[in-house]
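Remarks on the overall topology
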Amino acid sequence: MRDRNIVIWGAGKIGRGFIGDIFHAAGYNLTFVDADRALVKALQNASSYTVYNMASEEESEVVKVGRFQAYRPDDAEVQQALAKTDLVSVSVFPDAFEETADRLAEHIERRCREEHPRSLDILLCLNAHHPAPMFRDMFLSRLSAQGQEFLLGRVGIVETLVIRMGVEADEKMKQNDPLAVLTNGYPVLTVDGTACRTALDIPGRIRKTDRMRSEETRKIYTYNMIHAVYAYAGWVKGYSHIIEAVHDPDIAVLAQGALDEISRALQAVCGFISDEMEQWNREVLKNMANPILKDTIARVGADPLRKAARNDRLIGPALLCRSAGVYPGYLAAAAACAYCYDNPEDPAAVQLQERIAEQGIRKAVEHVSALDTEAELISLILKEYSRIKERGLSGFAEEADRHRIIASAYELGFSHEKKIRGCGQCTIKALLDMTGRDDPGLFKAASGLSGGIGITGDGSCGGYIGGVLFLSSLVGRRIDRLEEGDKEAQYASFDMAQRLHDQFIETYGSITCSDIHQVIFKKSFCLREKSVRDEFEQAGAHRDKCTSVIGTAVAWTAEILLEEGLMDSSRRKENI
């Protein structure tokens, strides 16, 4: 059997501690490529290095990895090593993507020119969401027409799931071996089987999937998300290590809540089943709580500008929840924690805080997280940011029941607007369902409160009017007390209506349907004509636009009910 070789681009903790480990065990010869001159020299002077795989204090193994060589990217030996392999893995940070693409494109061009007989798979072992198109474009822009044809026909750009965590080895381990890597020992590398051009068959170590998009989304939005939650919430609490955050009661509620939110969205959007997700989530939390992996807040929280970006580990899950009708309250709080990350030793954190100081938090969130028409999510993040700035994360554990009520209110409003339509009636029905009331007259009276009243577009939002009607039906002025004025009840209803009004103004800048349309659609709709109603639907009105508005209106109304003591936060569906 011919020698099996792999070029591992990036000799960091994942390159050495995961890729090097599993391919060495499978009998491969390893060639490490890394820009770190000192690291390359240390590897060149060593005959082996140590990987400590510690799944828990009871489950551990110590592995000696040998049969390797190491070079810097511009060493001539790199191209020679690439010519002898059909497998390359890439485990580098984003700032090295371009240089890596330069070197690999040079080799692809050479393979094409020399009519190399073997195909090539490039395994993207990165903590990035769907990186294959980006790398494919970078390669194509660097290749000749013939090279482009070779790339598309003979080179697999293969996305993978890196679930093994590598951290700094402790001092005793490094005394025994300065190149040692400490990991959680996760044994399997999942790869996109549909993208492979080679056999790539290592039983028990390589797992191929034909649903990579869904699995990649699940990995980034659970493992990477929960890691970021512990990092940024841990920073807010003043911790230095992830394991400290894991054991904090408030952060535990935040982390579990965020995981529950995205889990339900993944089931709705990606088709994962409940039992499968429960088992997956147990593994996520087990890996995060490994006391042996004493990872630092600073390392995991590094580069908040990237990690708070639209499709990354915090905002991406929140947007997926939004599309699935799941209230992203805990995810919004986690994102707010990222905006509080003011580590003076992290250049990206310094830049983020400068942007907040110059532009204000709203503009910073809109720009960094690329949020525009998602006014409700922006509002949630700003609300949590203000809360954290005022009193930190204290009280999260005690407020779990309250959060559950608000989340349920949102999801009922979203679901009703999606299924039965009629924004005013959907708002009232959701609130009736929440409180266990039966008031068909109130529901019927809201029939005309749709599309800016009578679908004209120029009246008030049905979510706002429906919320006011429901609140007033509980505490408003009574016809049998008109002679005495019943002013106390009337002004109580005024106060609650004003609070709901102010939430709409803060989030959308208006209570008027057409103005809210401008925010969430970038245009207004008068729905009298069927052709306009069809365009309205195609724009996502009852997918995630008006559904989110009504869900949010119901949630705000539920908050007012809780604040006024009109609904018990420990119960869900009992009469007020």
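No experiment lies behind these values; they were computed from the predicted model shown.

**Here we look at the overall build of the protein**
Secondary structure assignment for the protein yields 26 helices and 12 strands. Buried positions account for 56% of the 576 residues belonging to the protein. Long-range contacts, defined as pairs at least 24 residues apart, comprise 72% of the intrachain contacts of the protein with a sequence gap of at least 6. Carbon together with sulfur atoms contributes 49% to the accessible area of the protein, which is approximately 24400 Å² in total. Positive and negative side-chain charges in the protein, numbering 70 and 84 respectively, have mean positions lying 3 Å apart.

**Observations concerning the sheet that holds strand β12 (residues 206-209)**
Ordered by their spatial adjacency, eight strands build an open sheet running β5-β2-β1-β6-β7-β8-β11-β12, and the pairing between neighbours is mixed. Whereas interior strands pair on both sides, the edge strands pair on one side only; in this sheet they are β5 (68-71) and β12. Direction aside, neighbouring strands of the sheet carry axes that sit 25° apart on average. Pairing of strand β6 (residues 87-90) with strand β7 (residues 120-124) involves four bridges; the strand directions are parallel.

**So, helix α4 (residues 97-113)**
For α4, with 17 residues, the first-to-last C-alpha span of 24 Å sits near the 24 Å given by 1.5 Å per residue. Residues Phe 97, Thr 100, Ala 101, Leu 104, Ala 105, His 107, Ile 108, Glu 109, Arg 111 and Cys 112 constitute the buried set of α4. Immediately downstream of α4, the backbone of Glu 115 shows phi near 55°, a positive value.

**Overview of helix α1 (residues 13-25)**
Its 13 residues place the ends of α1 17 Å apart at the C-alpha level, agreeing with the 18 Å of an ideal helix rising 1.5 Å per residue. Its maximal kink placed at Ile 19, α1 deviates by approximately 30°. Of all 13 residues in α1, 10 are buried, a share of seventy percent or more. Where α1 is concerned, the buried positions are Gly 15, Arg 16, Gly 17, Phe 18, Ile 19, Gly 20, Asp 21, Ile 22, Phe 23 and His 24. One or two residues past the end of α1 sits Gly 27, with phi positive at roughly 90°.

**Some points on the confidence of the model for the protein**
Confidence in the prediction of the protein, expressed as mean pLDDT, is 94, and 98% of residues score 70 or more. Segment residues 569-576: pLDDT under 50, and 26 contacts once partners within four positions in sequence are set aside and those in other chains are kept.

**Some points on unusual backbone geometry**
Notably, Arg 67 is not glycine yet its phi reads approximately 55°, a positive angle. Of note, Arg 67 is situated in the loop between β4 (60-65) and β5. The backbone of Ala 370 sits at a positive phi, close to 50°, despite the residue not being glycine. Tracing the backbone shows Ala 370 in the loop between α17 (361-368) and α18 (375-391).

**Focus: the layout of surface pockets**
Estimated volume of the second largest pocket: approximately 500 Å³. In terms of lining residues, the second largest pocket is bounded by 23 residues, among which Lys 383, Glu 384, Arg 387, Arg 402 and Glu 559 are the most central. Listing elements by their share of the lining of the second largest pocket, those giving two or more residues are α15 (329-339), α18, α19 (400-419), α23 (487-508) and α26 (541-563). At seven residues, the largest contribution of residues to the lining of the second largest pocket is made by α18. Here the lining of the second largest pocket is built from residues that sort into nine nonpolar, four polar and 10 charged.

**Quick look at the packing of α4 against helix α5 (residues 132-142)**
Where α4 contacts α5, the two axes come as close as 9 Å, and the packing angle between them is 55°. Taken together, α4 and α5 sit at an angle that is classed as oblique. Crossing hand, α4 versus α5: right-handed. From α4, Phe 97, Glu 98, Ala 101, Asp 102, Leu 104, Ala 105, Ile 108 and Glu 109 reach across to α5, where they touch Met 134, Phe 135, Met 138, Phe 139 and Arg 142.

**Focus: the nonpolar core**
Generally speaking, a soluble globular protein has its nonpolar side chains buried in company with each other. Of all hydrophobic cores here, the largest spans 127 residues; its most connected members are Leu 182, Met 225, Tyr 230, Ile 262, Ile 381 and Phe 504. Top contributing element to this core by residue count: α26, with 12 residues. If we skip the residues at most four places from it in the chain, Ile 381 touches Ile 315, Ala 332, Ala 335, Ala 336, Val 365 and Leu 371. Counting residues in hydrophobic clusters, the runner-up holds 33 residues, among them Ile 6, Tyr 28, Leu 30 and Tyr 49.

**Quick word on the packing of aromatic side chains**
Going through the model one piece at a time under the given rule, you end up with 20 aromatic pairs. The interplanar angle of 55° and the centroid separation of 5.6 Å between the aromatic rings of Tyr 49 and Phe 68 together place this pair among those described as tilted. Linking Tyr 49 in strand β3 (residues 49-54) with Phe 68 in strand β5, this pair joins segments that are 19 residues apart in sequence. Judged by relative accessible area, which is 0%, Tyr 49 ranks as buried. Relative accessible area serves as the criterion here: at 14%, Phe 68 is assigned to the buried category. When the ring of Phe 521 is compared with that of Phe 536, the centres are 5.5 Å apart and the planes differ by 45°; the resulting orientation is tilted. Note that Phe 521 is positioned in the loop between α24 (513-520) and α25 (530-538) and Phe 536 in helix α25, a separation of 15 residues in sequence. Exposure class is identical for Phe 521 and Phe 536. Each is buried.

**Some points on the pattern of salt bridges**
Evaluation of the coordinates by the stated rule reveals 38 salt bridges. The shortest N-O distance in the salt bridge between Glu 98 and Arg 142 comes to 2.3 Å. Highlighted residues: Glu 98 in helix α4 and Arg 142 in helix α5, separated in sequence by 44 residues. A salt bridge links Arg 264 to Glu 411; the nearest nitrogen and oxygen atoms lie 2.8 Å apart. A residue pair is termed long-range when its members are at least 10 positions apart, and Arg 264 in helix α10 (residues 249-270) and Glu 411 in helix α19 qualify at 147 residues.

Rules of the game
- Residues numbered from 1 in each chain as written.
- Predicted model: local features only at pLDDT ≥ 70, side-chain atom pairs only at ≥ 80, totals over all residues.
- Heavy atoms only, no water.
- Helix = DSSP H or I, 4+ residues; strand = E, 2+ residues; numbered from the N terminus.
- Buried < 20%, exposed > 50% of the residue type's maximum accessible area, 1.4 Å probe, protein only.
- Contact = heavy atoms within 4.5 Å.
- Areas by Shrake-Rupley, 256 points an atom, 1.4 Å probe, with all protein chains shown as cover.
- Lys, Arg positive; Asp, Glu negative; His and termini not counted.
- Charge placed at Lys NZ, Arg CZ, Asp CG, Glu CD.
- Pairing = 2+ DSSP bridges.
- Axes fitted to C-alpha atoms, helices over the stretch in contact; angles between N-to-C directions.
- Expected span 1.5 Å × (residues − 1).
- Bend = angle between axes of the 7 residues up to and from the residue.
- pLDDT = per-residue confidence, 0-100.
- 1 Å grid on protein atoms, 1.4 Å probe; cavity = no way out; pocket = protein on both sides within 12 Å on 5 of 7 lines; lining within 4 Å.
- Points joined across faces, edges and corners; volume = space filled by probe spheres on them.
- Nonpolar A, V, L, I, M, F, W, Y, C, P; charged D, E, K, R; others polar.
- Parallel < 35°, antiparallel > 145°, perpendicular 65-115°, else oblique.
- Left-handed = near helix turned anticlockwise from the far one by under 90°.
- Core = buried A, V, L, I, M, F, W, Y, C linked by side-chain atoms within 4.5 Å.
- Phe/Tyr/Trp six-rings, centres within 6.5 Å; stacked < 30°, edge-to-face > 60°.
- Salt bridge = Lys/Arg side-chain N within 4 Å of Asp/Glu carboxyl O.

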